[in-house]
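Secondary and tertiary structure notes
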Amino acid sequence: MTPPPPQRRRRGTGAVAARPRKVGGVRRSQMVTTYGVGAMIAVDNESFVVAGLDTWDVSEAPEVLERRLARILRVRAFRQPPAPDPDRGKDGVRVRRFPEWYSCPKCSVLQPFFKFNSPPRAARCGECEEELVPSRFVLACNNGHIADFPYWRWVHRGSGHAGGLCGGTLSLRTNGSTASLRSVVVACSCGVPEVSMEGAFRSRVLRDLGIRCEGRRPWLKDAPVEACDQVPRAMQRGSSAVWHPLVASALSIPPWGEGLHKLVEKHKLIGASEDTVRWFAKHHPAVLKSVDATVDDVIDLVRAVEEEDAKAAEDDIPAPRAHSALRQEEYIRLVRGNPERYAAEWQPFVCEKPQGTPDALRSLGLYDTMLVKRLREVRALASFMRGDLPSEADSERRKASLALSDDIDWLPATEVIGEGVFVRLDADRLRAWEAEPAVAARAQRIRDSHLTQLRRRASTPAGPVARRSEEPDSPVSPRYLLLHTLAHILINEWSLDGGYPTSALRERLYCGDDMAGTLLYTATSDSAGSLGGIVAQGEPDRLVHTLKAALARAAWCSNDPLCMESEAAGVDNVNLAACHACVLLPETSCETNNSFLDRALLIGTPTGSVPGFFQGAV
């Protein structure tokens, strides 16, 4: 990571350009999921925000191919985050210093970084030679803006100097009397009474002080401020609420990513003239032979793809519908299977039926299972949000820009290779279970909590949404809760039985009127991704044993009876019988950040008032 050449000011001198320096390093996959554009990263005693895409040099960054996902996100291509090459003078990902306010732990001075007169390439107080500490607090709003905490206005409230024109110097110290914000004290040398940071996290307090969002976007160079009607919130610099990545993902399923389709995309033949295609076929006959294709096959496919692209551009399908259609395509392919026909280079997706019969599975409520012996997943950073967790009710305004320039036609992405098991529920048994009034009523409790949350987020400072047609809807249903909780208990069981860490396993839910399945897979860049252990768990006899063990474990929680009898649990009360002692997973493994879970729908309630889908299976 390299900061852009800053204009470092010195007391009594003009701006002096500083040479870029490497400040740290992270994995490429983290630049999509953890430290993407707009996220803050702490390096030693300094803090930076990852700069916009228009500062990244991706001229030599590997391209990631996934045409179906690119169409949905309306970009031309995906690129892996660039890696620095010191020998050739190549930069990696650029960062910018943020927050700008620092304090000295020795002299307690609190001021912008440039006023400390630090030595070059260091963050030390020019007077005390002590390493500086970046501000712990920032202001952020639901529209993605972020700024330094207004310490001047906070300490001078009610004094007539709230604009910071008193001429004094701020100081910050911790008296250590408590572990709360009351012990963090800000003072000014002008003589106003010192104040603690207690109450700074309350939006009402900031609103009463007249503190409004200024529309700042420090991750974008020279970005103009945006008009914003949100009341900002004070947050800890390291809080997860400061940056919520919006990561879109897709499995590489046929026809894209396989055989001839991969050939025309990999060698950039889409849009090429017929003469160019024939020249390529003449000079690369081995490539065509590897996918058993002729030059005429290539020409026909190129023209067909161009027509599909033109039609997709005209249709302008909303993103939620497009993502739903993508899941539907994946579900159909998982049900149908895809036997191995090409070498791994030309076929990233292999899905086959297990050798055993599914009779024992069907007695438990599962219809069948498929062994996904090879899969490829592409994850792209589409945008990010701050404040409230992303939801279906969010407007486009909440999505922060990844670049200031409109010429950026690519997004950062990573690809991971793994394996998995696809499990499908018995549709007839599922419909009968969903029709139970007690089941529907229990799921409705979670749905109502989610709808309340969505309506709150959909409201504006001027009032709620005007028309009922604009009201958000919730995906919560008995089927969704069942599939989601089932995926969690199987992942937990496989981590114990197969030796995989839970963070190396992921879920992918397929829920709809004509979908009822879940894909559990490894998709990690390390060696745990494709060792064959998960595929072995999908054999019917072994899966029956695993499911029974998982249900037995889910039948009792160390937090029972509180967990099972909970009226509401989780963030925004969108869980019922679910806690860290029974079904919750690392957030990297769950599609919905551990929301919409209830193990009672699997095993039933102790009183028998709510029947579980797998009740009596153990």
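As the structure is a prediction and not an experimental result, all values here were calculated from the model.

Turning our eyes to something else, we now look at the overall build of the chain. Each helix and strand in the chain was counted, giving 16 helices and 22 strands. A compact globule built from 618 residues should have a C-alpha radius of gyration of about 25 Å, and the chain, at 27 Å, falls within 12% of that. For the chain, the C-alpha atoms occupy an extent of roughly 80 × 75 × 50 Å along the three principal directions. Burial analysis of the chain (618 residues in total) assigns 52% to the buried set. Partitioning the contacts of the chain with sequence separation of at least 6, the portion at a separation of at least 24 is 69%.

Given a rise of 1.5 Å per residue, 18 residues ought to cover 26 Å, and the 26 Å separating the end C-alpha atoms of helix α9 (residues 319-336) matches this to within 8%. Among the residues making up α9, those that are buried are Ala322, Leu326, Arg327, Glu330, Tyr331, Arg333 and Leu334. Positive backbone phi, at 90°, marks glycine 337, one or two positions downstream of α9.

As a further point, take the packing of aromatic side chains. Tallied over the entire structure, the rule returns 15 aromatic pairs. With 5.9 Å between their ring centres and 70° between their planes, phenylalanine 149 and tryptophan 154 make a pair best called edge-to-face. Here phenylalanine 149 and tryptophan 154 have matching classes, each one buried. Judged by centre distance (6.2 Å) and plane angle (80°), the ring pair of phenylalanine 422 and tyrosine 510 falls under edge-to-face. With phenylalanine 422 in strand β20 (residues 410-425) and tyrosine 510 in strand β21 (residues 505-512), this residue pair connects regions lying 88 residues apart in the sequence. Exposure class is identical for phenylalanine 422 and tyrosine 510. Each is buried. By way of ring pairs, the aromatic residues Trp101, Phe137, Phe149, Tyr151, Trp154 and Phe201 are connected into one cluster.

Read from one edge of the open sheet, three strands run β12-β11-β16, paired in antiparallel fashion. Where the open sheet ends on each side, the last strands, each with one partner, are β12 (146-148) and β16 (233-236). On average, each strand axis in the sheet is inclined to that of its neighbour by 40°, with strand direction left out of account. The sheet contact formed by strand β11 (residues 137-140) and β12 spans three bridges and is antiparallel. When the bridges of β12 are listed, valine 138 appears paired with aspartate 148.

Next up on the list: the side chain of arginine 599. If you trace the backbone, arginine 599 turns up in the loop between α15 (540-554) and α16 (600-603). From its side chain, arginine 599 meets the backbone oxygen of alanine 554 in a polar contact 2.7 Å long. Engagement of the side chain of arginine 599 in a polar contact is seen with the side chain of aspartate 560, the distance being 2.6 Å. Not counting residues up to four positions away in its chain, the partners in contact with arginine 599 are Thr485, Ala554, Ala555, Trp556, Cys557, Asp560, Cys563, Met564, Ala577, Cys582 and Val583.

All right, on to the confidence of the model for the chain then. Here the chain averages 86 in pLDDT, while 91% of its residues score no lower than 70. Segment residues 461-469 is flagged for pLDDT under 50; beyond a separation of four residues in sequence, or across chains, it makes six contacts in the model.

Spatially, β10-β8-β9-β13-β14-β15 is the arrangement adopted by the six strands of the open sheet, whose pairing is antiparallel. With partners counted over all chains shown, the strands left at the sheet margins are β10 (133-134) and β15 (195-196), one partner each. One ladder, built from two bridges, connects strand β14 (residues 184-188) with β15; its direction is antiparallel. Residue pairing in the sheet places valine 185 in a bridge with serine 196 of β15.

Take the environment of glutamine 615 next. When you line up the elements, glutamine 615 lands in the segment after α16. The sequence separation of glutamine 615 and alanine 555 amounts to 60 residues, and the corresponding C-alpha distance is 9.8 Å. Contact partners of glutamine 615, with chain neighbours within four places excluded, come to Leu602, Ile603, Gly604 and Val610.

A word on α15. Over its 15 residues, α15 runs 21 Å from end to end, which matches the ideal 21 Å to within 8%, given 1.5 Å per residue. What α15 keeps buried is the set Pro540, Leu543, Val544, Thr546, Leu547, Ala550, Leu551 and Ala554. All buried residues of α15 fall inside an arc of 165° around its axis, so they share one side. Exposed positions of α15 whose direction lies more than 90 degrees from the buried face are Asp541 and His545. Packing partners of the buried residues in α15 comprise α10 (359-364), β19 (366-385), β20, α13 (478-497), α14 (533-537) and α16.

Our focus in this paragraph is the pattern of salt bridges. Under the counting rule described, the total for this entry stands at 34 salt bridges. Of the charged contacts in the structure, one is a salt bridge between arginine 376 and glutamate 415, with a shortest N-O distance of 2.6 Å. Of this pair, arginine 376 sits in strand β19 while glutamate 415 is found in strand β20, placing the two residues 39 residues apart along the sequence. Overall, the relative accessible area of 35% leaves glutamate 415 in the partly exposed class. When the shortest N-O distance is used, the salt bridge between aspartate 560 and arginine 599 registers 2.6 Å. Note that aspartate 560 is positioned in the loop between α15 and α16 and arginine 599 in the loop between α15 and α16, a separation of 39 residues in sequence.

Let's shift gears to a positive patch on the surface. Side chains of Arg153, Arg204, Arg207 and Arg212 sit close together on the surface and give a patch of like positive charge. Position of arginine 212 relative to the elements: it lies in the loop between α4 (203-208) and β16.

Below, the discussion takes up the state of the cysteines. Evaluated as defined, the whole model comprises zero disulfides. Considering cysteine sulfurs only, cysteine 107 is the nearest to cysteine 104, which forms no disulfide, with 3.5 Å between them. No disulfide involves cysteine 563; its sulfur sits 3.8 Å from that of cysteine 579, the nearest cysteine. Look at cysteine 563 and you get buried, because its relative accessible area is 7%.

Between helix α11 (residues 427-434) and α13, whose axes approach to 10 Å, the crossing angle comes to 120°. As far as their axial angle goes, α13 and α11 are oblique. Read as a crossing pair, α11 and α13 show a hand that is right-handed. The segment α11 lies against α13, with Leu430, Arg431, Trp433 and Glu434 engaging Pro478, Arg479 and Leu482. Here the residues of the contact of α11 with α13 are counted per class, giving four nonpolar, no polar and three charged.

Calculation notes
- The residue numbering used here restarts from 1 in each chain and proceeds along that chain's sequence as written.
- Since the coordinates come from a predicted model, pLDDT governs what is reported: local features require at least 70, and pairs of side-chain atoms require 80 or more to be given and counted, while whole-chain, interface and lining totals use all residues.
- Calculation of side-chain values draws on the structure's entire complement of heavy atoms; hydrogens and water are dropped beforehand.
- Where helices and strands are cited, they refer to DSSP runs of H or I of at least four residues and of E of at least two residues respectively, numbered from the N terminus.
- We compute the radius of gyration over the C-alpha atoms and compare it with the globule rule, which gives 2.2 Å times the number of residues raised to the power 0.38.
- The cut-offs for exposure are 20% and 50% of the maximum accessible area for each residue type, with area from a 1.4 Å probe on protein chains only; residues under the lower value are buried, those over the upper are exposed, and the others partly exposed.
- Two residues qualify as a contact provided that any one of their heavy atoms is within 4.5 Å of a heavy atom in the partner residue.
- Multiply 1.5 Å by the residue count of a helix minus one, and that product is the helix's expected span.
- By convention, a stacked pair of Phe, Tyr or Trp rings (six-membered ring in the case of Trp) has centres within 6.5 Å and planes under 30 degrees apart, an edge-to-face pair has planes over 60 apart, and any other such pair is tilted.
- The criterion for strand pairing is that DSSP finds at least two bridges linking the strands in question.
- Axis lines are fitted to C-alpha atoms, over the contacting stretch for helices. Their N-to-C directions set the angle, which ranges from 0 to 180 degrees.
- Here a polar contact is recorded for every N or O atom pair within 3.5 Å, except that within protein the pair must consist of a potential hydrogen donor and a potential acceptor, and residues adjacent in sequence are included only if both atoms are side-chain atoms.
- A residue's pLDDT is simply how confident the predictor is in it, with values from 0 to 100.
- It is the directions from the helix axis to the C-beta atoms that the arc portrays.
- Whenever a carboxyl oxygen of Asp or Glu lies within 4 Å of a side-chain nitrogen of Lys or Arg, that contact is scored as a salt bridge.
- Patch membership is restricted to residues that have no salt bridge and whose relative accessible area is over 30%. Joining uses 9 Å for like charges and 5 Å for the nonpolar side chains Val, Leu, Ile, Met, Phe, Trp and Tyr.
- Only the protein chains shown count as covering a residue, and every accessible area follows the Shrake-Rupley method with a 1.4 Å probe.
- Neither His nor the chain termini are counted; the positive set is Lys and Arg, and the negative set is Asp and Glu.
- Here the site of a charge means atom NZ of a Lys, CZ of an Arg, CG of an Asp or CD of a Glu.
- We call a pair of cysteine sulfur atoms a disulfide when they lie within 2.5 Å.
- Each angle is binned into one of four classes, with values under 35 degrees roughly parallel, values over 145 roughly antiparallel, values of 65 to 115 roughly perpendicular, and all other values oblique.
- Note on convention: the crossing is left-handed when the near helix lies turned anticlockwise from the far helix by less than a right angle, right-handed when the turn is clockwise.
- Ten residues, namely Ala, Val, Leu, Ile, Met, Phe, Trp, Tyr, Cys and Pro, are considered nonpolar, four, namely Asp, Glu, Lys and Arg, are considered charged, and the remaining ones, Gly among them, are considered polar.

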